[in-house]
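One letter stands for each residue in the lines below.
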Amino acid sequence: MDRRQALKTVAVAAAAASVFPKPAISQGLRQLRMATTWPKNLPGQGTSAERMAQNIGKWSEGKITMRVYGAGELVPAFEAYDAAGSGVCEMYHGADYYWQGKSKALNFYSTVPFGLTGTETNAWLMSGGQELWDEVAAQFNVKSFAASNTGVQMAGWFNKEINAPDDFKGLTMRMPGLGGEVISQLGATAVTLPAGEIFQALQSGTIDATEFVGPWNDLTLGFYQVAKYYYWPGIHEPATVASCGINLDVWNDMSDWEKSIIEAAARYENDMLTTEFDVNNVRALDQLINEHNVQLKRMPDEVISLMREAAKDVVATAGNTDPLTKKVYDHWSAFRDKASAWTKISVQGYVNARTL
(Lines give C-alpha, C1' and ligand atoms only; values in the text may rest on other atoms or scores of the structure.)
Protein backbone atom coordinates (compact mmCIF):
# COMPACT_ATOMS: atom_id res chain seq x y z
CA MET A 1 0.00 0.00 0.00
CA ASP A 2 1.52 3.40 -0.98
CA ARG A 3 1.40 6.51 1.19
CA ARG A 4 -1.61 7.97 -0.64
CA GLN A 5 -3.66 4.80 -0.13
CA ALA A 6 -2.64 4.60 3.53
CA LEU A 7 -3.81 8.16 4.19
CA LYS A 8 -7.08 7.42 2.45
CA THR A 9 -7.61 4.31 4.61
CA VAL A 10 -6.99 6.30 7.82
CA ALA A 11 -9.42 9.01 6.67
CA VAL A 12 -12.14 6.44 5.96
CA ALA A 13 -11.62 4.80 9.37
CA ALA A 14 -11.80 8.16 11.13
CA ALA A 15 -15.02 9.05 9.32
CA ALA A 16 -16.53 5.70 10.23
CA ALA A 17 -15.62 6.17 13.89
CA SER A 18 -17.44 9.51 13.93
CA VAL A 19 -20.59 7.88 12.51
CA PHE A 20 -20.51 4.64 14.48
CA PRO A 21 -19.83 5.33 18.18
CA LYS A 22 -17.77 3.01 20.33
CA PRO A 23 -19.59 0.17 22.12
CA ALA A 24 -21.43 1.41 25.20
CA ILE A 25 -19.32 -0.60 27.63
CA SER A 26 -16.14 1.07 26.30
CA GLN A 27 -17.67 4.47 27.05
CA GLY A 28 -18.37 3.56 30.67
CA LEU A 29 -22.02 2.88 29.93
CA ARG A 30 -23.95 -0.26 30.85
CA GLN A 31 -27.10 -1.39 29.07
CA LEU A 32 -29.33 -3.92 30.82
CA ARG A 33 -32.37 -5.86 29.64
CA MET A 34 -35.01 -7.06 32.09
CA ALA A 35 -37.49 -9.85 31.26
CA THR A 36 -40.60 -9.85 33.43
CA THR A 37 -43.37 -12.33 34.12
CA TRP A 38 -46.01 -9.58 33.95
CA PRO A 39 -48.06 -8.18 31.05
CA LYS A 40 -46.41 -5.02 29.75
CA ASN A 41 -47.17 -2.09 32.10
CA LEU A 42 -49.51 -4.13 34.32
CA PRO A 43 -50.50 -1.61 37.03
CA GLY A 44 -48.42 -2.61 40.02
CA GLN A 45 -45.71 -5.10 39.17
CA GLY A 46 -45.35 -4.06 35.52
CA THR A 47 -45.27 -0.32 36.18
CA SER A 48 -42.93 -0.89 39.12
CA ALA A 49 -40.40 -2.59 36.85
CA GLU A 50 -40.60 0.36 34.45
CA ARG A 51 -40.14 2.87 37.28
CA MET A 52 -37.16 0.90 38.52
CA ALA A 53 -35.60 1.18 35.06
CA GLN A 54 -36.22 4.93 34.99
CA ASN A 55 -34.71 5.43 38.44
CA ILE A 56 -31.62 3.41 37.59
CA GLY A 57 -31.09 5.60 34.55
CA LYS A 58 -31.71 8.81 36.50
CA TRP A 59 -29.67 7.95 39.58
CA SER A 60 -26.74 6.75 37.48
CA GLU A 61 -26.96 9.90 35.36
CA GLY A 62 -27.49 7.78 32.28
CA LYS A 63 -24.51 5.51 32.81
CA ILE A 64 -26.77 2.51 33.42
CA THR A 65 -29.85 2.07 31.24
CA MET A 66 -32.40 -0.70 31.41
CA ARG A 67 -35.00 -1.87 28.91
CA VAL A 68 -37.99 -3.70 30.36
CA TYR A 69 -39.75 -6.47 28.44
CA GLY A 70 -43.24 -7.67 29.33
CA ALA A 71 -44.08 -11.37 29.46
CA GLY A 72 -43.59 -12.93 26.04
CA GLU A 73 -41.81 -9.95 24.48
CA LEU A 74 -38.31 -11.35 24.93
CA VAL A 75 -38.98 -14.77 26.45
CA PRO A 76 -42.14 -16.52 27.76
CA ALA A 77 -43.18 -15.35 31.24
CA PHE A 78 -41.86 -18.32 33.19
CA GLU A 79 -38.51 -18.34 31.36
CA ALA A 80 -37.49 -14.92 32.71
CA TYR A 81 -35.38 -16.38 35.53
CA ASP A 82 -33.45 -18.75 33.26
CA ALA A 83 -32.99 -15.95 30.75
CA ALA A 84 -31.26 -13.79 33.35
CA GLY A 85 -29.12 -16.63 34.64
CA SER A 86 -28.01 -17.77 31.18
CA GLY A 87 -27.33 -14.30 29.81
CA VAL A 88 -30.20 -14.11 27.30
CA CYS A 89 -30.91 -10.92 29.25
CA GLU A 90 -29.26 -9.38 32.27
CA MET A 91 -32.19 -9.13 34.71
CA TYR A 92 -35.54 -10.67 35.60
CA HIS A 93 -38.61 -9.46 37.50
CA GLY A 94 -41.14 -11.96 38.84
CA ALA A 95 -42.02 -14.12 41.84
CA ASP A 96 -39.50 -16.76 42.82
CA TYR A 97 -42.07 -19.47 43.58
CA TYR A 98 -42.66 -19.69 39.82
CA TRP A 99 -39.31 -21.51 39.75
CA GLN A 100 -39.73 -23.82 42.72
CA GLY A 101 -38.97 -26.69 40.34
CA LYS A 102 -35.35 -25.53 40.50
CA SER A 103 -35.25 -25.32 44.28
CA LYS A 104 -38.01 -25.52 46.87
CA ALA A 105 -36.04 -22.91 48.80
CA LEU A 106 -37.21 -20.26 46.33
CA ASN A 107 -40.70 -20.48 47.85
CA PHE A 108 -39.41 -18.86 51.02
CA TYR A 109 -38.32 -15.86 48.95
CA SER A 110 -41.77 -15.45 47.47
CA THR A 111 -44.44 -16.60 49.93
CA VAL A 112 -45.40 -19.49 52.17
CA PRO A 113 -48.93 -20.45 53.33
CA PHE A 114 -49.48 -19.20 56.89
CA GLY A 115 -45.98 -17.71 56.69
CA LEU A 116 -44.48 -14.30 57.36
CA THR A 117 -46.24 -10.97 56.95
CA GLY A 118 -44.75 -8.30 54.73
CA THR A 119 -42.88 -6.49 57.49
CA GLU A 120 -41.76 -9.82 58.96
CA THR A 121 -40.41 -10.84 55.55
CA ASN A 122 -38.33 -7.67 55.26
CA ALA A 123 -37.06 -8.20 58.79
CA TRP A 124 -36.09 -11.81 58.01
CA LEU A 125 -34.18 -10.75 54.90
CA MET A 126 -32.32 -8.20 57.00
CA SER A 127 -31.60 -10.81 59.67
CA GLY A 128 -29.70 -13.25 57.48
CA GLY A 129 -32.34 -14.31 55.00
CA GLN A 130 -30.76 -12.30 52.17
CA GLU A 131 -27.40 -14.01 52.58
CA LEU A 132 -29.09 -17.39 52.29
CA TRP A 133 -31.01 -16.14 49.23
CA ASP A 134 -27.69 -15.22 47.66
CA GLU A 135 -26.50 -18.77 48.28
CA VAL A 136 -29.62 -20.32 46.73
CA ALA A 137 -29.72 -18.01 43.70
CA ALA A 138 -26.01 -18.40 43.01
CA GLN A 139 -26.73 -22.00 41.97
CA PHE A 140 -28.56 -20.50 38.99
CA ASN A 141 -26.09 -17.69 38.31
CA VAL A 142 -28.43 -15.03 39.71
CA LYS A 143 -28.30 -12.37 42.44
CA SER A 144 -31.83 -11.53 43.66
CA PHE A 145 -33.49 -8.73 45.62
CA ALA A 146 -36.93 -8.04 47.08
CA ALA A 147 -38.59 -5.46 44.81
CA SER A 148 -42.03 -5.25 46.45
CA ASN A 149 -44.41 -7.04 48.75
CA THR A 150 -48.12 -7.36 48.05
CA GLY A 151 -49.10 -7.82 51.69
CA VAL A 152 -51.90 -10.27 52.48
CA GLN A 153 -53.60 -11.35 49.27
CA MET A 154 -57.17 -12.43 48.57
CA ALA A 155 -58.18 -16.09 48.64
CA GLY A 156 -59.42 -15.88 45.07
CA TRP A 157 -62.27 -15.86 42.58
CA PHE A 158 -64.75 -18.73 42.37
CA ASN A 159 -67.69 -19.61 40.16
CA LYS A 160 -69.41 -21.36 43.04
CA GLU A 161 -69.64 -20.75 46.76
CA ILE A 162 -67.19 -22.45 49.11
CA ASN A 163 -69.13 -23.61 52.15
CA ALA A 164 -67.09 -26.62 53.24
CA PRO A 165 -63.78 -28.36 52.47
CA ASP A 166 -65.53 -30.79 50.09
CA ASP A 167 -66.26 -27.89 47.76
CA PHE A 168 -62.59 -27.95 46.74
CA LYS A 169 -62.84 -31.52 45.50
CA GLY A 170 -62.63 -31.65 41.71
CA LEU A 171 -61.93 -27.91 41.47
CA THR A 172 -59.25 -26.75 39.02
CA MET A 173 -57.71 -23.56 40.36
CA ARG A 174 -54.87 -21.33 39.31
CA MET A 175 -52.64 -21.21 42.38
CA PRO A 176 -48.83 -21.44 42.15
CA GLY A 177 -46.26 -22.32 44.78
CA LEU A 178 -46.85 -24.16 48.03
CA GLY A 179 -50.38 -22.75 48.22
CA GLY A 180 -51.22 -24.88 45.21
CA GLU A 181 -49.94 -27.94 47.04
CA VAL A 182 -52.16 -27.09 50.02
CA ILE A 183 -55.38 -26.96 47.99
CA SER A 184 -54.32 -30.17 46.25
CA GLN A 185 -54.53 -31.86 49.64
CA LEU A 186 -58.15 -30.67 49.82
CA GLY A 187 -58.90 -32.40 46.50
CA ALA A 188 -58.37 -29.53 44.05
CA THR A 189 -56.11 -29.51 41.01
CA ALA A 190 -53.68 -26.59 41.15
CA VAL A 191 -52.28 -25.10 37.94
CA THR A 192 -49.78 -22.29 37.39
CA LEU A 193 -50.55 -19.66 34.76
CA PRO A 194 -48.93 -16.27 34.09
CA ALA A 195 -51.11 -13.22 34.68
CA GLY A 196 -51.84 -12.64 31.01
CA GLU A 197 -53.40 -16.08 30.53
CA ILE A 198 -55.69 -16.27 33.57
CA PHE A 199 -58.76 -14.40 32.31
CA GLN A 200 -59.15 -16.51 29.19
CA ALA A 201 -58.66 -19.74 31.14
CA LEU A 202 -61.35 -18.72 33.64
CA GLN A 203 -63.70 -17.52 30.92
CA SER A 204 -63.35 -20.70 28.87
CA GLY A 205 -63.79 -23.00 31.86
CA THR A 206 -60.25 -24.38 31.64
CA ILE A 207 -60.04 -23.42 35.30
CA ASP A 208 -62.90 -23.08 37.79
CA ALA A 209 -61.25 -20.57 40.10
CA THR A 210 -58.20 -18.37 40.38
CA GLU A 211 -56.20 -16.22 42.68
CA PHE A 212 -53.71 -13.61 41.58
CA VAL A 213 -53.03 -10.86 44.10
CA GLY A 214 -55.78 -8.58 45.33
CA PRO A 215 -58.34 -5.97 44.32
CA TRP A 216 -56.01 -3.62 42.41
CA ASN A 217 -54.51 -6.25 40.11
CA ASP A 218 -57.70 -8.30 39.96
CA LEU A 219 -59.82 -5.34 38.87
CA THR A 220 -57.30 -4.52 36.14
CA LEU A 221 -57.31 -8.09 34.86
CA GLY A 222 -61.13 -8.15 34.78
CA PHE A 223 -61.79 -11.29 36.79
CA TYR A 224 -65.09 -9.85 38.03
CA GLN A 225 -66.46 -10.33 34.50
CA VAL A 226 -66.20 -14.11 34.70
CA ALA A 227 -66.53 -14.88 38.44
CA LYS A 228 -68.62 -13.21 41.13
CA TYR A 229 -67.54 -14.83 44.38
CA TYR A 230 -64.45 -13.13 45.83
CA TYR A 231 -63.04 -14.81 48.92
CA TRP A 232 -60.72 -13.70 51.72
CA PRO A 233 -58.29 -14.06 53.49
CA GLY A 234 -55.44 -15.24 51.29
CA ILE A 235 -53.78 -17.58 53.75
CA HIS A 236 -51.84 -19.13 50.87
CA GLU A 237 -50.01 -15.84 50.22
CA PRO A 238 -49.80 -13.71 53.37
CA ALA A 239 -47.09 -11.50 51.89
CA THR A 240 -45.71 -12.18 48.43
CA VAL A 241 -42.37 -10.80 47.34
CA ALA A 242 -42.00 -9.64 43.76
CA SER A 243 -38.30 -10.13 43.19
CA CYS A 244 -35.85 -8.77 40.69
CA GLY A 245 -32.50 -10.32 39.96
CA ILE A 246 -29.41 -9.85 37.88
CA ASN A 247 -27.07 -12.23 36.12
CA LEU A 248 -24.36 -13.07 38.66
CA ASP A 249 -21.50 -12.60 36.19
CA VAL A 250 -22.82 -9.14 35.33
CA TRP A 251 -23.24 -8.35 39.03
CA ASN A 252 -19.70 -9.42 39.86
CA ASP A 253 -18.40 -7.27 37.00
CA MET A 254 -20.09 -4.15 38.40
CA SER A 255 -18.35 -1.51 40.46
CA ASP A 256 -19.52 -0.87 44.01
CA TRP A 257 -21.14 2.33 42.75
CA GLU A 258 -23.12 0.47 40.08
CA LYS A 259 -24.20 -2.17 42.60
CA SER A 260 -25.39 0.53 44.99
CA ILE A 261 -27.64 1.97 42.25
CA ILE A 262 -29.28 -1.42 41.57
CA GLU A 263 -29.73 -2.13 45.29
CA ALA A 264 -31.18 1.31 45.96
CA ALA A 265 -33.67 0.99 43.10
CA ALA A 266 -34.85 -2.40 44.39
CA ARG A 267 -35.21 -1.10 47.96
CA TYR A 268 -37.15 1.91 46.71
CA GLU A 269 -39.60 -0.32 44.85
CA ASN A 270 -39.91 -2.67 47.82
CA ASP A 271 -41.28 0.28 49.76
CA MET A 272 -43.09 2.16 46.99
CA LEU A 273 -45.02 -0.69 45.38
CA THR A 274 -46.03 -2.13 48.74
CA THR A 275 -47.54 1.24 49.61
CA GLU A 276 -49.22 1.49 46.20
CA PHE A 277 -50.93 -1.85 46.82
CA ASP A 278 -52.35 -0.53 50.10
CA VAL A 279 -53.54 2.68 48.45
CA ASN A 280 -55.09 1.11 45.36
CA ASN A 281 -56.58 -2.00 46.95
CA VAL A 282 -58.88 0.24 49.00
CA ARG A 283 -60.19 1.97 45.89
CA ALA A 284 -60.42 -1.17 43.77
CA LEU A 285 -62.27 -3.23 46.37
CA ASP A 286 -64.91 -0.52 46.62
CA GLN A 287 -65.32 -0.56 42.83
CA LEU A 288 -65.58 -4.33 42.67
CA ILE A 289 -68.33 -4.44 45.29
CA ASN A 290 -70.31 -1.29 44.49
CA GLU A 291 -69.87 -0.97 40.73
CA HIS A 292 -69.48 -4.59 39.62
CA ASN A 293 -71.66 -6.34 42.22
CA VAL A 294 -68.96 -8.74 43.30
CA GLN A 295 -69.93 -10.85 46.31
CA LEU A 296 -67.24 -10.61 48.97
CA LYS A 297 -67.11 -13.71 51.19
CA ARG A 298 -64.93 -15.02 53.99
CA MET A 299 -63.49 -18.51 53.64
CA PRO A 300 -65.24 -20.77 56.21
CA ASP A 301 -63.34 -21.49 59.43
CA GLU A 302 -63.44 -25.23 58.74
CA VAL A 303 -61.70 -24.72 55.40
CA ILE A 304 -59.07 -22.44 56.94
CA SER A 305 -58.37 -24.96 59.71
CA LEU A 306 -57.84 -27.80 57.24
CA MET A 307 -55.62 -25.58 55.10
CA ARG A 308 -53.53 -24.76 58.16
CA GLU A 309 -53.00 -28.43 58.94
CA ALA A 310 -52.19 -29.22 55.32
CA ALA A 311 -49.78 -26.30 55.16
CA LYS A 312 -47.75 -27.64 58.07
CA ASP A 313 -46.98 -30.82 56.15
CA VAL A 314 -46.51 -29.10 52.79
CA VAL A 315 -44.09 -26.47 54.10
CA ALA A 316 -42.12 -28.93 56.23
CA THR A 317 -41.81 -31.36 53.33
CA ALA A 318 -40.63 -28.60 51.01
CA GLY A 319 -38.22 -27.32 53.64
CA ASN A 320 -36.48 -30.67 53.92
CA THR A 321 -36.00 -31.30 50.20
CA ASP A 322 -32.20 -30.88 50.24
CA PRO A 323 -29.50 -29.57 52.61
CA LEU A 324 -29.49 -25.97 51.37
CA THR A 325 -33.29 -25.73 51.37
CA LYS A 326 -33.30 -27.13 54.92
CA LYS A 327 -30.79 -24.49 55.92
CA VAL A 328 -33.15 -21.80 54.59
CA TYR A 329 -36.21 -23.47 56.15
CA ASP A 330 -34.63 -23.81 59.59
CA HIS A 331 -33.52 -20.18 59.58
CA TRP A 332 -36.93 -19.01 58.33
CA SER A 333 -38.82 -21.13 60.89
CA ALA A 334 -36.75 -19.89 63.82
CA PHE A 335 -37.33 -16.29 62.75
CA ARG A 336 -41.06 -16.85 62.22
CA ASP A 337 -41.47 -18.19 65.76
CA LYS A 338 -39.75 -15.18 67.27
CA ALA A 339 -41.46 -12.65 65.01
CA SER A 340 -44.90 -14.14 65.62
CA ALA A 341 -44.62 -13.47 69.35
CA TRP A 342 -44.02 -9.77 68.69
CA THR A 343 -46.61 -9.47 65.92
CA LYS A 344 -49.24 -11.04 68.18
CA ILE A 345 -48.93 -8.39 70.87
CA SER A 346 -48.20 -5.48 68.52
CA VAL A 347 -50.02 -5.53 65.17
CA GLN A 348 -52.56 -8.25 65.96
CA GLY A 349 -53.17 -6.87 69.42
CA TYR A 350 -53.78 -3.38 68.06
CA VAL A 351 -56.06 -4.50 65.20
CA ASN A 352 -58.12 -6.57 67.63
CA ALA A 353 -58.40 -3.57 69.94
CA ARG A 354 -59.38 -1.25 67.09
CA THR A 355 -62.27 -3.51 66.04
CA LEU A 356 -63.78 -3.87 69.52
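The structure we're discussing is the one just above.
What comes next concerns the included structure.

Before going further, it helps to spend a moment on the side chain of Asn149. Tracing the sequence through the fold places Asn149 in strand S4 (residues 142-149). A polar contact of 2.9 Å, which involves the side chain of Asn149, links it to the backbone nitrogen of Gly151. One polar contact links the side chain of Asn149 to the main-chain amide nitrogen of Thr240, over a distance of 3.5 Å.

Turning our eyes to something else, we now look at the nonpolar core. Trp124, Phe158, Phe168, Phe212 and Met299 are the most contacted members of the largest nonpolar core, which has 84 residues in total. Top element by residues in this core is helix H10 (residues 301-319). It accounts for 8 residues. Excluding its chain neighbours within four sequence positions, the residues that come into contact with Met299 are Ala155, Phe158, Ile162, Phe168, Tyr231, Trp232 and Ile304. Among the nonpolar cores identified, the runner-up in size contains 22 residues, and Leu32, Met91, Ala147 and Val250 belong to it.

Here we come to the environment of Phe199. Topologically, Phe199 is positioned in helix H6 (residues 195-204). With 76 residues separating them along the chain, Phe199 and Ala123 place their C-alpha atoms 35 Å apart.

Residues Met91 and His93 point to one face of strand S3 (residues 91-94) and Tyr92 and Gly94 to the other, with burial holding for every one of them. Bridging between strand S1 (residues 30-36) and S3 involves 3 bridges; their strand directions are parallel. Directly across from Met34, in S3, lies its bridge partner Met91. Note: S3 against strand S10 (residues 241-247), 4 bridges, orientation antiparallel. What sits directly across from Met91, in S10, is Ile246.

Take unusual backbone geometry next. Between Trp232 and the following residue, Pro233, the backbone shows a cis peptide bond with an omega angle of -5 degrees. Mapped onto the fold, Pro233 is located in the loop between strand S9 (229-232) and S10. One non-glycine residue, Asn141, lies in positive phi territory at about 60 degrees. Looking at the secondary structure, you find Asn141 in the loop between helix H4 (118-138) and S4.

Given 3.6 residues per helical turn, the α-helix brings residues three or four places apart onto the same face. Here helix H11 (residues 323-354) is 32 residues long and its end C-alpha atoms lie 44 Å apart, about the 46 Å a rise of 1.5 Å per residue gives. Along H11, the residues that are buried comprise Leu324, Thr325, Val328, Tyr329, Trp332, Ser333, Phe335, Ala339, Thr343 and Ser346. For H11, the elements touching its buried residues are H4 and H10.

This paragraph deals with helix H5 (residues 177-185). Looking at H5, one finds that the buried residues are Gly177, Leu178, Gly179, Gly180, Val182 and Ile183. Taken together, the buried residues of H5 touch strand S6 (172-174), strand S7 (189-191) and H10.

Attention now moves to the sheet that holds S4. With respect to topology, 5 strands assemble into an open sheet ordered S2-S1-S3-S10-S4, the strand pairing being mixed. Each edge of the sheet is formed by a strand with only one pairing partner; in this case those strands are strand S2 (64-69) and S4. Going from strand to strand, the sheet's axes swing by 20 degrees on average, the running direction of each strand aside. The sheet contacts of helix H9 (residues 256-290) involve S1, S2, S3, S4 and S10, and relative to S4 the element is tilted by about 30 degrees.

By the definition in use, this model includes 20 aromatic pairs. Between Tyr92 and Trp99 the ring centres are 5.4 Å apart and the planes differ by 85 degrees, which places this aromatic pair in the edge-to-face class. Comparing Tyr92 with Trp99, the two get one shared label, buried. A ring pair is formed by Phe108 and Tyr329, whose centres lie 5.9 Å apart and whose planes are at 50 degrees; its orientation type is tilted. Taken as a pair, Phe108 in the loop between S3 and H4 and Tyr329 in helix H11 lie far apart in primary sequence, 221 residues in all.

Here is what the cut-offs are and how they apply
- Residues numbered from 1 in each chain as written.
- Predicted model: local features only at pLDDT ≥ 70, side-chain atom pairs only at ≥ 80, totals over all residues.
- Heavy atoms only, no water.
- Helix = DSSP H or I, 4+ residues; strand = E, 2+ residues; numbered from the N terminus.
- Polar contact = N/O pair within 3.5 Å; in protein donor to acceptor, adjacent residues only side chain to side chain.
- Core = buried A, V, L, I, M, F, W, Y, C linked by side-chain atoms within 4.5 Å.
- Buried < 20%, exposed > 50% of the residue type's maximum accessible area, 1.4 Å probe, protein only.
- Contact = heavy atoms within 4.5 Å.
- Pairing = 2+ DSSP bridges.
- Expected span 1.5 Å × (residues − 1).
- Axes fitted to C-alpha atoms, helices over the stretch in contact; angles between N-to-C directions.
- Phe/Tyr/Trp six-rings, centres within 6.5 Å; stacked < 30°, edge-to-face > 60°.

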